[in-house]
Amino acid sequence: MQNSERIIVNSHNQIREVVTTYEQLLHAYAIRSICFMEEHGVKAQQAFDGNDYQATHMIVYAGDEPIGALRIRWFRDFAKIERMAFRKAYRNTHVLKAFVYFVFEHIA
């Protein structure tokens, strides 16, 4: 069995961003579609909802390729991290840890 996991280290090739453009938002939606709908059979009505319009979206790129995304919903006293998804080949502790630290720093 061949290991298809791709190792990404903290470098200029791994870019973590707050979504600010429509293209980035489409990339985030594409990641969620791949992970939730295709891999796990989640219906579109569950994967996407009206809260997407009120949330802050984050995305991770490996070079120019989108590999992960999540959304943050803001409440009076807390922020809620939702819909975190990473393409299967990029699910490893190095990538996830770097992204989570970036997200927590943004929330703080």
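These figures come from a predicted structure and were not determined experimentally.

A. Seen up close, the overall build of the chain. The helix and strand inventory of the chain stands at three helices and four strands. Looking at the 108 residues of the chain, the share that counts as buried comes to 37%. Taking all contacts inside the chain whose residues are at least 6 apart in sequence as the whole, residues at least 24 apart take part in 57%.

B. Looking closely at the pattern of salt bridges. Applying the stated rule across the entire model yields nine salt bridges. When salt bridges that share partners are traced, they join Arg32, Asp49, Asp52, Arg71, Arg73, Lys80, Glu82 and Arg83 into one network.

C. Broad picture of the packing of aromatic side chains. Following the criterion strictly, the structure yields three aromatic pairs and no others. On the basis of an interplanar angle of 80 degrees and a centroid distance of 5.3 Å, the ring pair of Tyr29 and Phe48 is categorised as edge-to-face. Residue Tyr29 is located in helix α1 (residues 22-40), and its partner Phe48 is located in the loop between α2 (44-47) and β2 (56-62); the two are separated by 19 residues in the primary sequence. For Phe48, a relative accessible area of 22% puts it in the partly exposed group. Aromatic side chains Phe75 and Phe78 sit 4.7 Å apart centroid to centroid with 15 degrees between the ring planes, which places their arrangement in the stacked category.

D. Representation of unusual backbone geometry. Even without glycine at this site, Arg83 takes up a positive phi of about 55 degrees. As for its placement among the helices and strands, Arg83 is situated in strand β4 (residues 79-86).

E. Inspection of the confidence of the model for the chain at higher detail. Mean pLDDT over the chain: 88, with 87% of residues reaching 70 or higher. Between residues 6-12, whose pLDDT stays under 50, and residues either more than four places distant or in other chains, the model counts 14 contacts.

F. Representation of the side chain of Arg73. Relative to the assigned elements, Arg73 resides in strand β3 (residues 65-74). Of note is the side chain of Arg73, whose polar atom sits 3.4 Å from the side chain of Asn51. Leaving out residues up to four positions away in the same chain, Arg73 has contacts with Asn51, Ala55, Phe78, Ala79, Lys80 and Glu82.

G. Seen up close, the pairing of β3. Among the 10 residues in β3, eight count as buried, and that is most of the element. With antiparallel pairing between neighbouring strands as the criterion, β2 and β3 make up a hairpin whose turn holds two residues, including Gly63 at a positive phi of roughly 70 degrees. Between β3 and the antiparallel strand that follows it, β4, lie four residues.

Parameters at a glance
- Residues numbered from 1 in each chain as written.
- Predicted model: local features only at pLDDT ≥ 70, side-chain atom pairs only at ≥ 80, totals over all residues.
- Heavy atoms only, no water.
- Helix = DSSP H or I, 4+ residues; strand = E, 2+ residues; numbered from the N terminus.
- Buried < 20%, exposed > 50% of the residue type's maximum accessible area, 1.4 Å probe, protein only.
- Contact = heavy atoms within 4.5 Å.
- Salt bridge = Lys/Arg side-chain N within 4 Å of Asp/Glu carboxyl O.
- Phe/Tyr/Trp six-rings, centres within 6.5 Å; stacked < 30°, edge-to-face > 60°.
- pLDDT = per-residue confidence, 0-100.
- Polar contact = N/O pair within 3.5 Å; in protein donor to acceptor, adjacent residues only side chain to side chain.
- Pairing = 2+ DSSP bridges.

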